[in-house]
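# Residue-level structural notes
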Amino acid sequence: MLSRNLTLRISTGLPLAAAAILYIFFANELIFQVITVVVGLIAYYEYSTAISNKIPSVRPLILY
């Protein structure tokens, strides 16, 4: 049986994946670039936070 956390992630991931596919095919070029940069920065922030928890000497702003 799936855990409650995994079920929640799947139930939010499927609509977001559908929205991402629609976004990729139907957004104009400028909106696509802006949203892609914003999502990339958020993902990179999450990555740098995860690394800084394991390696205290790494600062998130240095990675940017």
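## Notes on the overall build of the protein
The helix and strand inventory of the protein stands at three helices and zero strands. Walking the protein from its N terminus toward its C terminus, one meets helices and strands in the order α-α-α. The proportion of buried residues among the 64 residues of the protein is 3%.

## Comments concerning the environment of tyrosine 23
Topologically, tyrosine 23 is positioned in helix α1 (residues 4-26). Not counting residues up to four positions away in its chain, the partners in contact with tyrosine 23 are Ile31, Phe32, Ile35 and Thr36. Engagement of the side chain of tyrosine 23 in a polar contact is seen with the backbone oxygen of phenylalanine 32, the distance being 2.8 Å.

## Observations regarding the packing of aromatic side chains
How two aromatic rings sit relative to each other is set out by the distance from centre to centre and by the angle between their planes. Under the criterion given, the structure shown has one aromatic pair. With a centroid separation of 5.4 Å and an interplanar angle of 25°, the aromatic rings of tyrosine 23 and phenylalanine 32 are classed as stacked. Residue tyrosine 23 is classed as partly exposed on the basis of its relative accessible area of 21%. Under the relative-accessibility criterion, phenylalanine 32 is labelled partly exposed at 32%.

## Let's talk about the confidence of the model for the protein
The pLDDT averaged across the protein works out to 78; a share of 77% of its residues lies at or above 70. Of all secondary-structure elements in the protein, the lowest mean pLDDT belongs to helix α3 (residues 60-63), at 56, while α1 reaches the highest, 85.

Rules of the game
- Residues numbered from 1 in each chain as written.
- Predicted model: local features only at pLDDT ≥ 70, side-chain atom pairs only at ≥ 80, totals over all residues.
- Heavy atoms only, no water.
- Helix = DSSP H or I, 4+ residues; strand = E, 2+ residues; numbered from the N terminus.
- Buried < 20%, exposed > 50% of the residue type's maximum accessible area, 1.4 Å probe, protein only.
- Contact = heavy atoms within 4.5 Å.
- Polar contact = N/O pair within 3.5 Å; in protein donor to acceptor, adjacent residues only side chain to side chain.
- Phe/Tyr/Trp six-rings, centres within 6.5 Å; stacked < 30°, edge-to-face > 60°.
- pLDDT = per-residue confidence, 0-100.

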